[in-house]
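Secondary and tertiary structure notes
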Amino acid sequence: MSTIQATNLKHNASASNNIVLDASGNAAFAGTVVPSSSFLRNRLINGDFRVDQRSGGSTATVAAGVFSYATIDRWPAFSAGGSTQLQRVAGPTGFDNALEIRPQTGTTQTNVEQRIEATNCQDLVSTTATVSARLFADGAGVQVAVSWYYPIARDNWSSVTFVPIETITLTSGQYINYAKSFTTDANASRGMGIVFDIRNAAGRTVRMTGVQLEAGTVATPFERRQFGQELALCQRYFTNWVGDAGASGFRAIGSGYASGTDAAIVIPLSAAMRATPTVSFSGTISVLDGTTSGTLTSIVAAYAASNQSFWLLARTGSTFVTGRGAIMYTQNGGANVFSLSAEI
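These remarks concern the structure in this document. Computed from a prediction, not measured in an experiment: that's the story for all the values here. (Residues numbered from 1 in each chain as written. Predicted model: local features only at pLDDT ≥ 70, side-chain atom pairs only at ≥ 80, totals over all residues. Heavy atoms only, no water.)

Here the focus is the overall build of the protein chain. A tally of helices and strands in the protein chain yields one helix and 24 strands. The burial tally for the protein chain puts 45% of its 344 residues in the buried class. Counting contacts in the protein chain only where the partners sit at least 6 residues apart, residues at least 24 apart contribute 73% of the total. Accessible surface for the protein chain amounts to roughly 15900 Å². Of this, 50% is attributable to carbon and sulfur atoms. Counting 23 positive and 21 negative side-chain charges, the protein chain places the centres of these two groups 1 Å from one another. (Helix = DSSP H or I, 4+ residues; strand = E, 2+ residues; numbered from the N terminus. Buried < 20%, exposed > 50% of the residue type's maximum accessible area, 1.4 Å probe, protein only. Contact = heavy atoms within 4.5 Å. Areas by Shrake-Rupley, 256 points an atom, 1.4 Å probe, with all protein chains shown as cover. Lys, Arg positive; Asp, Glu negative; His and termini not counted. Charge placed at Lys NZ, Arg CZ, Asp CG, Glu CD.)

Under the defined criterion, the tally for this structure stands at two cavities of 30 Å³ or more. Of the voids in this model, the largest cavity is the one considered here, and its volume is about 40 Å³. Taken together, Asp 52, Ser 55, Ser 58, Ala 60, Thr 71, Ile 72, Leu 86, Gln 87, Arg 88 and Leu 99 make up the lining of the largest cavity. Sorting elements by how many residues they give to the lining of the largest cavity places strand β7 (residues 84-90) first, with three residues. Class assignment of the residues belonging to the lining of the largest cavity gives a composition of four nonpolar, four polar and two charged. Taken as a whole, the second largest cavity holds about 30 Å³ of empty space. Surrounding the second largest cavity, Ile 101, Leu 135, Val 144, Phe 196, Ile 198, Val 206, Arg 207 and Met 208 form its lining. Secondary-structure elements contributing two or more residues to the lining of the second largest cavity are β14 (192-199) and β15 (206-215). (1 Å grid on protein atoms, 1.4 Å probe; cavity = no way out; pocket = protein on both sides within 12 Å on 5 of 7 lines; lining within 4 Å. Points joined across faces, edges and corners; volume = space filled by probe spheres on them. Nonpolar A, V, L, I, M, F, W, Y, C, P; charged D, E, K, R; others polar.)

We note that Asn 46 has phi near 60°; this positive angle belongs to a residue other than glycine. Take Asn 46: it is sitting in the loop between β3 (27-29) and β4 (60-62). Even without being a glycine, Ser 126 presents a positive backbone phi close to 50°. Summarising the element assignment, Ser 126 is placed in the loop between β9 (109-116) and β10 (128-137). Owing to a relative accessible area of 49%, Ser 126 belongs among the partly exposed residues under this scheme.

Below, the discussion takes up the layout of surface pockets. The volume enclosed by the largest pocket comes to roughly 310 Å³. Lining the largest pocket are 14 residues; nearest its centre among them are Asn 42, Arg 43, Ile 45, Asn 120 and Leu 233. Ranked by residue count, the leading element in the lining of the largest pocket is β9, at three residues. Considered class by class, the residues forming the lining of the largest pocket number five nonpolar, three polar and six charged. The space that makes up the second largest pocket amounts to roughly 170 Å³. As for the second largest pocket, its lining consists of 13 residues, of which Ser 132, Arg 134, Asn 177, Gly 210 and Phe 222 are closest to the centre.

As structure tokens, then:
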């Protein structure tokens, strides 16, 4: 292999040097660096599994035959033949976290996947893309079938079509650096997903982290976004309020005004949600008008979310003074949860 030795690089038409190299390997550019893929390369969100709003590091279980988002943010799972446990755990060197996948007895297949909105993958249509990850298994024979897939219509994931990329066998007892380039087709304009289909793993422990999907033929180093950025990306699809332990562990959700047994509540959003979210709650969620407190029993109506807020009509078993200000909040304790979901 030949080596070009130079300190300065200059275009024929330039009056001065365009790139200056120093002895430490640093490069100073006189103009703008224009990479073939932007520095925001990774189309997958939470590929290092740091954000875990639903479980907070606890184990989530996906039952047999169920496709569920009750896992780490942006990474739903499907389990066949038996159940699968999933949990955020410590990662290998260079990563705080990894996703641990524990298929239980009788489980024949566990899919861990992510779906990408159509608006975020138009430049990946009919071109070459590369998927990469760090993968681990604690025993021999565990296989992972990697595929990309697309929905029946733009952002309509009621039916999907899988396109195999390749199947690999993991090395027992150590992380491997996985990377593979593949070609998409016109169907990627509808949106696309990446799935890791884990087989021969019942009773085994599988881990993954540093998952990346990017344009081009090269697997570049894992793109590391700040935690606040990653959390905001996740909250476009899901956000929740969870009561904390202790006497002061209440969590304010929103405020508004009372009317009979109902309260119109405006909920500030940390990030604009993808669509009008679905509301769910468990445990005890309370509404207070300053004097009377009621427990949330149902959501009478939910209205379109803006970039800043979402509002709903909350019904309780108590009668409030109409026109009074009201607040909605979780009771203290981790069993009291209020959630908004706009997953795809």
